Amino acid sequence: MKTPATLPPVPADCRHERQCRGGSLLTMLAALCCLLCSLLLAEWPARLLWLSHAATLSLLSGLLNAASSRAGWRRRRQGAAALPLIPLTLPTGFGIRPLRSAATGQQNQPLRRLLLWPRLRRLISRHIGWPVIWQALGSLLALLLSVLLVRAELSTGLIADISRQSLLLPAMCGLLAAFAGLLLERKLAQENTADWPEAALLLTLSRAIIFALLLPTLCGFGLMLGLDWLLPGLRLAGYWILLLSAELLLRALLSGFGPHHRQQASPPAFNSLLASLMHGGNPAHRLRQQLQQGLGLELRHSWALRFLGKALRPLAACLLLCGWLLSSISIIGTDQRGIYQRFGAAVAVW
């Protein structure tokens, strides 16, 4: 009998797969609850808060599902068994299943060939990859919800006739979601990149998601206190989620049309340039690094780009000088007269 000290260590990929899958499930349930609250509530400012939280949590759920699929791919490559989502051990009597004979399996084989889901699952696994599908679905749902948030009517005259106490519940839920996102960000910051390659990318995206949760939450608290000038902050949060989800959806589509190899690890598609702007550093350097990793383009050794970089400053100065000189030219019609001015004083008339 094996003791707990002699049990084999649990692979890190199995642990990451289970954690991301469980976190994605909880996040999707929270997003569905926020969406239902936005549909059932009558007060429109509270509805906008719920809608913003639903869009943000949908995006986070898709990213966690994509990370779980990538960890599952590495786990299958190592030949390790997947850990259950809920680690419960059933008694021996409840775990017995009736044995199926070989004849029964052969009889069900033609029926399995007619099912669409197994064929579609194999097609996605061979040609696209499940991380791309999960990211595209989460980004698409967040994009649609953020479009509804941006197109909503915002007017300070409408908020004076409603109860401001209805904003308390969505603001508190947003604060709790931001705190959970902060815990996720701290956990990702402590992960080793060698054990979890996607931790650095998820860390950057988690900060952008925390910002997307905190901005409408703070606006909701401000509206409760009577600060009506914070009302456009809800639309600003919608624009941020809209841009972030659109970029991730575009990256997922580009990765889906690219070559996919089941036996090789493809670069993750949830690498966001907008989220990396909050991380600090040089954005041009990060863009060049992403182009080198994703497309294999090394722009540092291009003589054309070096020539353009050297000629950019003189060209900009020349354009500014020409624009300033062109401001002294005026077109006068045949039925008009022109007044020549020098430092605002009229000198001559033509």
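That block above? That's the structure.
All values reported here derive from a predicted model rather than from experimental measurement.

1. Thoughts on the state of the cysteines
Alright, step 1. Under the defined criterion, the tally for this structure stands at 0 disulfides.
Alright, step 2. Cysteine cysteine 34 is unpaired, with the sulfur of cysteine 37 as its nearest cysteine sulfur at 6.5 Å.
Alright, step 3. Looking at the unpaired cysteine 173, the closest cysteine sulfur is the one in cysteine 34, lying at 6.5 Å.
Alright, step 4. By relative accessible area, which is 30% here, cysteine 173 ends up partly exposed.

2. Examining the environment of cysteine 20
Alright, step 1. Mapping cysteine 20 onto the fold places it in helix α1 (residues 12-40).
Alright, step 2. Spatially, the C-alpha atoms of cysteine 20 and alanine 67 are 6.7 Å apart, while their sequence positions differ by 47 residues.
Alright, step 3. Leave out the neighbours within four places in its chain, and cysteine 20 touches Leu64, Ala67, Ser68 and Trp196.

3. What about the nonpolar core?
Alright, step 1. Of all hydrophobic cores here, the largest spans 48 residues; its most connected members are Leu63, Leu202, Leu205, Leu234, Leu244, Leu248 and Phe270.
Alright, step 2. Listing elements by their share of this core, those giving two or more residues are α1, α2 (44-78), α5 (130-150), α6 (168-189), α7 (199-224) and α8 (232-257).
Alright, step 3. Among the elements that take part in this core, α2 stands out by supplying 15 residues, more than any other.
Alright, step 4. Those residues in contact with leucine 234 that sit more than four places away from it in its chain are Leu48, Leu49, Leu149, Pro216, Cys219 and Leu223.
Alright, step 5. Grouped together as the second largest cluster of nonpolar side chains are 7 residues, Val132, Ala136, Leu143 and Leu249 included.

4. Remarks on the packing of α6 against α7
Alright, step 1. One can describe the packing of α6 onto α7 by two numbers: an axis separation of 8 Å at closest approach and a directional angle of 160°. Judged by the inter-axis angle, α6 sits roughly antiparallel to α7. Remark: the crossing between α6 and α7 carries left-handed chirality.
Alright, step 2. In the contact of α6 with α7, the residues fall into 17 nonpolar, 4 polar and 3 charged.

5. Overview of the side chain of serine 139
Alright, step 1. Position of serine 139 relative to the elements: it lies in helix α5.
Alright, step 2. According to the relative accessible area criterion, serine 139 is buried, its value standing at 0%.
Alright, step 3. Residues contacting serine 139, with those up to four places away along its chain left out, are Leu59, Ser245, Leu248 and Leu249.

6. Things to note about the packing of aromatic side chains
Alright, step 1. Evaluation of the coordinates by the stated rule reveals 1 aromatic pair.
Alright, step 2. Where phenylalanine 211 meets tryptophan 240, the ring centres are 5.7 Å apart and the plane angle is 90°; that geometry is what we call edge-to-face. Placement of the pair is phenylalanine 211 in helix α7 and tryptophan 240 in helix α8, with a sequence separation of 29 residues.

7. Notes on α2
Alright, step 1. In this model α2 runs 51 Å from its N-terminal to its C-terminal C-alpha over 35 residues, within 8% of the 51 Å that 1.5 Å per residue would give.
Alright, step 2. For α2, a buried count of 30 out of 35 residues is recorded, marking the element as mostly surrounded by other parts of the structure.
Alright, step 3. Phi turns positive one or two residues past the end of α2, at glycine 79, with a value near 80°.

8. Here we look at the environment of alanine 189
Alright, step 1. Positionally, alanine 189 belongs in helix α6.
Alright, step 2. Owing to a relative accessible area of 36%, alanine 189 belongs among the partly exposed residues under this scheme.
Alright, step 3. Along the chain, alanine 189 and alanine 200 lie 11 residues apart, while their C-alpha atoms are 7.5 Å from each other.

Reading the values: the criteria
Residues numbered from 1 in each chain as written. Predicted model: local features only at pLDDT ≥ 70, side-chain atom pairs only at ≥ 80, totals over all residues. Heavy atoms only, no water. Disulfide = S-S within 2.5 Å. Buried < 20%, exposed > 50% of the residue type's maximum accessible area, 1.4 Å probe, protein only. Helix = DSSP H or I, 4+ residues; strand = E, 2+ residues; numbered from the N terminus. Contact = heavy atoms within 4.5 Å. Core = buried A, V, L, I, M, F, W, Y, C linked by side-chain atoms within 4.5 Å. Axes fitted to C-alpha atoms, helices over the stretch in contact; angles between N-to-C directions. Parallel < 35°, antiparallel > 145°, perpendicular 65-115°, else oblique. Left-handed = near helix turned anticlockwise from the far one by under 90°. Nonpolar A, V, L, I, M, F, W, Y, C, P; charged D, E, K, R; others polar. Phe/Tyr/Trp six-rings, centres within 6.5 Å; stacked < 30°, edge-to-face > 60°. Expected span 1.5 Å × (residues − 1).

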